[in-house]
Amino acid sequence: MAGPDEEELTKRRARVAPYALLSPGMLWLTLFFLVPLLTLARMSLSTKTSRFDFDPDFTWDFGVYADAISTYSSQLLRSFVYAGTATLLCILIGYPVAYVIAVRGGRFRNLLLGLVVVPFFTSFLIRTIAWSSLLQDEGPIVPLLESVGLMGLLDAIGVAPGGRLLQTHAAVIGGLTYNFLPFMILPIYVSLEKIDLRLLDAAKDLYANGWQAFRKVVLPLSLPGIFAGTLLTFIPAAGDFVNARFLGGPNNSMIGNVVQDRFLVQLDYPSAAALSFVLMVIITIGTLVYARALGTDDLV
Amino acid sequence: MSARAARPPETTAGRLGRWGITAIAVCGFVYLFLPIVVIVVFSFNDPAGRFNIIWRQFTLDNWRDPLASGPLTDAMALSLEIAAISALVATVLGTLIAIALVRYRFRGGKVVNLLLVLPLTTPEIVLGASLATLFIDRGVQRGFWTIVIAHVMFCTSFVALTVKARIRGFDWTLEDAAMDLGAPPWRTFSRVTLPLITPGILAAALLSFALSIDDFIITFFNAGSEETFPLRIFGASRVELSPQINVLATLVLIVSVALMLLGIVFRRRVERA
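Residues numbered from 1 in each chain as written. Chains lettered and ligands numbered in written order. Predicted model: local features only at pLDDT ≥ 70, side-chain atom pairs only at ≥ 80, totals over all residues.

A closer look at the overall build of chain A
Next, step 1: Each helix and strand counted, chain A has 13 helices and two strands in total.
Next, step 2: The C-alpha radius of gyration computed for chain A amounts to 25 Å, which surpasses the reference 19 Å derived for 300 residues by more than 25%, pointing to a less compact arrangement than a globule.
Next, step 3: Judged by the C-alpha coordinates and their principal axes, chain A covers about 85 × 70 × 35 Å.
Next, step 4: The burial tally for chain A puts 43% of its 300 residues in the buried class.
Next, step 5: At a minimum sequence separation of 6, the contacts of chain A that also span at least 24 residues come to 70%. (Helix = DSSP H or I, 4+ residues; strand = E, 2+ residues; numbered from the N terminus. Rg over C-alpha atoms; globule rule 2.2 N^0.38 Å. Buried ≥ 20, exposed ≤ 12 C-beta atoms within 10 Å, placed from the backbone. Contact = placed C-beta atoms within 7 Å.)

Brief notes about the interface of chain A and chain B
Next, step 1: Listed per partner, the contact involves 73 residues of chain A and 73 residues of chain B.
Next, step 2: For the side of chain A that touches chain B, the leading source of residues is helix α1 (residues 4-44) of chain A, giving 18 residues.
Next, step 3: Of the residues assigned to the side of chain A that touches chain B, the class counts are 55 nonpolar, 14 polar and four charged. (Nonpolar A, V, L, I, M, F, W, Y, C, P; charged D, E, K, R; others polar.)

Here's the deal with the environment of Thr162 of chain B
Residue and element names in this part refer to chain B.
Next, step 1: Mapping Thr162 onto the fold places it in helix α6 (residues 144-167).
Next, step 2: Sequence spacing of Thr162 and Val41 is 121 residues, and the spatial spacing of their C-alpha atoms is 35 Å.
Next, step 3: Apart from residues lying up to four places away in sequence, Thr162 is in contact with Gly200, Ala203, Ala204 and Leu207.

So, helix α11 (residues 243-272) of chain B
Next, step 1: Here α11 of chain B contains 30 residues, and its C-alpha end-to-end distance of 43 Å stays within 8% of the 44 Å for a straight helix at 1.5 Å per residue.
Next, step 2: Structurally, α11 of chain B contributes buried residues whose contacts are with α5 (124-135) of chain A together with α2 (12-42), α3 (71-103) and α10 (229-236) of chain B. (Expected span 1.5 Å × (residues − 1).)

Structure representation (structure tokens):
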């Protein structure tokens, strides 16, 4: 039997153990996630005298953020509109897919779920380039749409201005929707899978029709999945520059394109940092407001 | 039973709704696979110029030596190496965090959770740019190890959250039982804890590996002169898109589908046993 000393020792060990387990990972995240954000904040408030000034001077001039916002307001706005539209499309496409897998998948659930993930085993860039070859004027889609007479309609509603699909708003939004779709499907699936299907029977026994049962039972229970999916789709989409680079034209560039160009091409670290900082602050505030609106405090 | 019989019959609208949802789901799957079909089909194309984006004619030439050495295969090898190291480190760090969170009650748990979620709710471009700013600020030359540092950072979060979700429902009293029966801590861990949590850890490790190998944006900011597979494709995409890209992508696809099917078969067998 454990003596009092030994018991004391076990207790102390239990108190220290979690911190010992946590510290390596937390140290890594602090050093390479939190500290860089602080460095970014400081860099955003610095000014460079020339392109080759590698030691920018720090100032407390918060005007840089206003400058960044006003200079790149169209790219900022475009990023949020594109990401918002793509997220909405992801819900509209992803929810039915997740629903059919979870409710009607039966013994094929795992296989269908696998099919959702399979396309994403190929590289993000290669998929996006494949889209650009699909959407180009010589690709298969444009002539097909023309031959069935849909091109005029798409042109009229502004999806395909001038009979082109590539280098349009629609192409970039379509690419974003495509690339982040699984991040919507999987969390919605997880929340739908947890629902006890007998609840649906119960609703129908109580004379709810299919729509009412969905609206009052399934949808509220799947809100956490939609919430998680929205964050996992909107946030990467808002900061993306690959889709705009391959599928968009000069008038479709997003804030990510500007940051990438400022940072890696112009070596203008302060303004790239200021823009990144603005993007992060807007997204963080948006996330908090969204979490409050849906009443979900717990993100995970 | 009687309640069931009293249910109103399905209306036409209800039936239409059900068909509608299935139809959208089918379209969703078509959408998901459209570019994949393009990638595979174009691996058999004999392009006219240096850009393999317009169909000309069928050829098997591209498949004659899929792993022919050159910048693409070098880049792929580098990506595999980085993914292996990053997944290994991130799996260890993330699993330790997950065990601490599920197994113990302690002060600061909320802060830890927040610190895990934040990298996932921060746009990649901000993660990439901030880390690069740190390296520039400290005069660190960006290259192989800065890529690994970046990948471990975001993979650790994914691993910790995945493993945490998978091991939450376990019966941890089994550990106490083993200890009560006189098993020393290390033996308890290796014989009881580890076998319980291994499937979750493996899944998280595979996820890390996949995330690392496909990461472009964060790597782009922190690679220096190193060229991973996605970086190579991005860099080359201005001057050429060789069919070898499609061949390699198809190979990766085949290997991952095979692994996935094996996983499903294996799980079926375990469930049946």
